[in-house]
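A look at the structure
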Amino acid sequence: MTDNNEKHKIVIVGGGAAGLEIATRLGKKLGKKGLAEVMLLDASPTHIWKPLLHEVAAGTLDESEQIEYLAQAHRNHFRFRLGRMEGLNRQKKEIYVSPTFSDSGEELIPRRTFSYDTLVMSVGSISNTFNIKGVAEHCLFLDTTAQAFRFQKQLVESYIKSHAGTAADKTLSIVIIGAGATGVELSAQLHEVTDLLAVYGLDESSDVKLTIIEAATQLLPALPGKLAQATQQQLVKLGIDLKLGRRVVEVTGDAVHTHDGEIIPADLKVWSAGIKAPDWMKDLDGLEVNRINQLVVDETLKTSDDNIFAIGDCAACPWPGHDGNVPPRAQAAHQQASTLSKSIVNRLQGGKLVKYTYLDYGSLVALGKYTTVGNLMGNLMGSVSIGGFIARVVYLSLYKMHQVAIHGYFRTAMLTLSNLFRRSAHAKIKMH
């Protein structure tokens, strides 16, 4: 199926933070006025901001935080197509989309072809298993909404099994491999869930053991040492077992094996130790990629093809004055979507592409209801460490910025008020 519409065709692949934001912006600026046809392709029908996936996994995120792509597309004058990209033909300016199947294996949507004039790749990232034996087979991942829901389902089932078991097997062991922001935030969220289950009467007589394994000798490498140490002290206070300086060499069905010979029993194993772009991006018709499959882009976010751009975690974007590329963070995705939307509008008008400059506003890590820590960056104040209530407000403001980019100020305010009322009437944890 190829669209032969004479309008300039903008195809955005991937509806994560960067993809959905740029689709919304371009839909409002170009699609509404009939200046271009904007299409967003994603393998899922709904969007959840990726930094919130640990809350989905723990069952503490309100389901109303999900965004239906079709509804968002209708409101903002772009088209949404459900599907997963599988190939690219740069000469024909076409992308190829795999068939979509139901849970029972029935083909719902056949293989399709979409043509483009401007292509934006924003497919995000997946976990990098580093080819460690047993990780792919035995670990759970939090790369997508579907994976987070799968983890939450297994978590509830494991709690129920532990609660109903005999005295000898009532300890539920959860091991998180990787002590970056995702691993640390998930551990605190799971500890909070354990407390909630005790309040609800499900977990009153069983024991839950949370363990974090990290190859480095420090938690949270993105944070200054002082803040990482404060986070470590908080996790120890919560009773979370930290095994730092331990490199995982194998994962089996019931345990995690480290390089020093320790075998750590585990009922649930979560992998959050490193990211890469999807493997299929290595073969995108000659586009240049780096060692973790990210598309190499220049300072305007353009790939080696003048008609193809990349933003978000799947883009290897230069960071002048630093050794590495722009880090794969939500704030970078937000900024890149804003910059590239301006470039594409200029491009249609015969103007120049806008150069992207990464503005590092710092790093924040939320430890559930217990605390939030981080550092803020600014030209006037340098680096300032913050914690507690102020850090929590700043952390929440990052999500509100994403919501404003998608919904606008009024709708974001209404959604915020609605969620406050919902939380007062609904259970704090999803139990199904």
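Thresholds, definitions, all that
Every chain is numbered on its own, with residues counted from 1 as its sequence reads. Where local features are concerned, this predicted model is filtered to residues with pLDDT of at least 70; where side-chain atom pairs are given and counted, the filter is 80 or more; whole-chain, interface and lining totals use all residues. Remark: hydrogens and water are excluded; side-chain values derive from all non-hydrogen atoms of the structure. UniProt positions are given in the numbering used here, feature names are shortened, and annotations may be inferred rather than shown by experiment. In this text, buried Ala, Val, Leu, Ile, Met, Phe, Trp, Tyr and Cys residues form a nonpolar core when linked through side-chain atoms within 4.5 Å. When a residue's accessible area, from a 1.4 Å probe over protein chains only, is under 20% of the maximum for its type it is buried; when over 50% it is exposed; and in between it is partly exposed. Helix and strand assignments come from DSSP, with helices taken as H or I runs of at least 4 residues and strands as E runs of at least 2, each series counted from the N terminus. Should any heavy atoms of two residues lie within 4.5 Å, those residues are counted as being in contact. Helix axes are fitted only over the stretch in contact, all axes being lines through C-alpha atoms; the angle between N-to-C directions runs from 0 to 180 degrees. Here the word oblique covers every angle except those under 35 degrees (roughly parallel), over 145 (roughly antiparallel) and from 65 to 115 (roughly perpendicular). We call Asp, Glu, Lys and Arg charged. Ala, Val, Leu, Ile, Met, Phe, Trp, Tyr, Cys and Pro are nonpolar, and the rest, Gly among them, are polar. The definition of a polar contact used here is a pair of N or O atoms within 3.5 Å, where within protein one atom must be able to donate a hydrogen and the other to accept one, and adjacent residues in sequence count solely through side-chain atom pairs. When DSSP finds at least two bridges between two strands, those strands are taken to pair. A helix is expected to span 1.5 Å multiplied by its residue count minus one. Each Phe, Tyr or Trp ring, with Trp reduced to its six-membered ring, pairs with another whose centre is within 6.5 Å; inter-plane angles below 30 degrees give stacked pairs, above 60 give edge-to-face pairs, and intermediate values give tilted ones. Arc definition: directions from the helix axis to the C-beta atoms. What counts as a salt bridge is simple: a side-chain nitrogen of Lys or Arg found within 4 Å of a carboxyl oxygen of Asp or Glu.

The protein carries the name NADH dehydrogenase in an unreviewed UniProt entry, which gives Methylobacter tundripaludum as its organism. Note on the protein: under the UniProt heading Sequence similarities (unreviewed entry), the record states "Belongs to the NADH dehydrogenase family."

**Topic: the nonpolar core**
Membership of the largest hydrophobic core comes to 94 residues, with the highest contact counts inside it found for Ile95 and Met121. It is helix α1 (residues 17-31) that provides the largest number of residues to this core, a total of 7 residues. Residues contacting methionine 121, with those up to four places away along its chain left out, are Val13, Met85, Trp280, Met281, Leu284, Leu295, Ile308, Phe309, Ala310, Ile311 and Cys314. One finds Val135, Val248, Val251 and Trp271 within the second-largest nonpolar core, a separate group that totals 13 residues.

**Looking at the packing of α1 against helix α3 (residues 69-76)**
Two elements in contact, α1 and α3, have axes whose closest approach is 9 Å; the angle formed by their N-to-C orientations is 25°. Taken together, the axes of α1 and α3 lie roughly parallel to each other. Residue-level contacts link Leu20, Thr24, Gly27 and Lys28 of α1 to Tyr69, Gln72 and Asn76 of α3. A class-by-class count of the residues in the contact of α1 with α3 yields 2 nonpolar, 4 polar and 1 charged.

**Remarks on the side chain of histidine 47**
You can see histidine 47 is positioned in strand β3 (residues 46-47). A polar side-chain atom of histidine 47 sits 2.9 Å from the main-chain carbonyl oxygen of glycine 15. Contact partners of histidine 47, with chain neighbours within four places excluded, come to Gly15, Gly16, Ala17, Leu20, Glu65, Gln66, Ile67, Tyr69, His402 and Ile406.

**A short note on the environment of isoleucine 67**
Along the chain, isoleucine 67 falls in strand β4 (residues 67-68). Along the chain, isoleucine 67 and isoleucine 48 lie 19 residues apart, while their C-alpha atoms are 6.6 Å from each other.

**Digging into the sheet that holds strand β19 (residues 268-271)**
As summarised here, the arrangement of the 4 strands in space is β15-β14-β13-β19, forming an open sheet in which the pairing is parallel. Looking at strand neighbours, the two that pair on one side only are β15 (241-244) and β19, the edges of this open sheet. Strand after strand, the sheet turns through a mean of 15° between neighbouring axes, direction not considered. Note: strand β14 (residues 207-214) against β15, 4 bridges, orientation parallel. When the sheet's bridge partners are listed, threonine 211 is paired in β15 with aspartate 241.

**Regarding α1**
Given a rise of 1.5 Å per residue, 15 residues ought to cover 21 Å, and the 20 Å separating the end C-alpha atoms of α1 matches this to within 8%. The buried fraction of α1 is high, at 12 of 15 residues. Among all positions of α1, only Ala17, Ala18, Gly19, Leu20, Glu21, Ile22, Ala23, Thr24, Leu26, Gly27, Leu30 and Gly31 are buried.

**A short note on the packing of aromatic side chains**
Tallied over the entire structure, the rule returns 2 aromatic pairs. Look at tyrosine 69 and phenylalanine 80: their rings are 4.9 Å apart centre to centre, the planes differ by 20°, and that puts the pair in the stacked class. With tyrosine 69 in helix α3 and phenylalanine 80 in strand β5 (residues 79-82), the pair connects residues that are 11 residues apart, well separated along the chain. Residue tyrosine 69 is classed as buried on the basis of its relative accessible area of 2%. Residue class for phenylalanine 80 comes out buried when judged on its relative accessible area of 7%. Between tryptophan 319 and tyrosine 358, the aromatic rings sit 5.1 Å apart at their centres with planes inclined by 80°, giving edge-to-face as the arrangement. Residue tryptophan 319 is located in the loop between β23 (315-316) and α8 (330-348), and its partner tyrosine 358 is located in the loop between α8 and β24 (362-367); the two are separated by 39 residues in the primary sequence. Tyrosine 358 carries the same exposure label as tryptophan 319, and that label is buried.

**A word on α3**
Looking only at α3, the buried set comprises Tyr69, Gln72, Ala73 and Asn76. Within α3, the buried residues cover an arc of 100° as seen down the axis, which keeps them to one side. Of the exposed residues in α3, the ones pointing more than 90 degrees away from its buried face are Leu70 and His74. Two residues or fewer past α3, histidine 77 is found with a positive phi of approximately 65°.

**Some thoughts on the sheet that holds strand β2 (residues 36-42)**
Within the open sheet, the 5 strands sit side by side as β5-β2-β1-β11-β22. Their pairing is parallel. The sheet is open, and its two borders are formed by β5 and β22 (308-310), each paired with just one other strand. For this sheet, the mean angle separating the axes of adjacent strands, direction not counted, is 20°. Two strands pair when backbone bridges link them, and strand β11 (residues 118-121) and β22 are joined in this way by 3 bridges, in the parallel orientation. Residue pairing across strands places valine 120 opposite phenylalanine 309, the latter belonging to β22. Contacting β2 and β5, α3 runs over the sheet at an angle of about 160° to β5. Along the sheet face, α8 touches β1 (8-13), β2, β11 and β22 and points at about 170° away from the line of β11.

**A short note on the pattern of salt bridges**
Taken as a whole and judged by the stated rule, the model has 16 salt bridges. Between arginine 90 and aspartate 305 there is a salt bridge, with its nearest N and O atoms 2.9 Å apart. Taken together, the residues span a long stretch of sequence, with arginine 90 in the loop between β6 (85-89) and β7 (94-97) and aspartate 305 in the loop between β21 (295-296) and β22 at a distance of 215 residues. On the accessibility criterion, arginine 90 (25% relative accessible area) is partly exposed. Overall, the relative accessible area of 10% leaves aspartate 305 in the buried class. Between glutamate 262 and arginine 246 there is a salt bridge, and its shortest N-O distance comes to 2.2 Å. Of this pair, glutamate 262 sits in the loop between β17 (255-258) and β18 (263-265) while arginine 246 sits in the loop between β15 and β16 (248-251), placing them 16 residues apart in sequence. Take arginine 246: its relative accessible area is 22%, and that puts it in the partly exposed class. Three or more residues joined by partner-sharing salt bridges are found here, namely Lys209, Asp241, Lys243, Arg246, Asp260 and Glu262.

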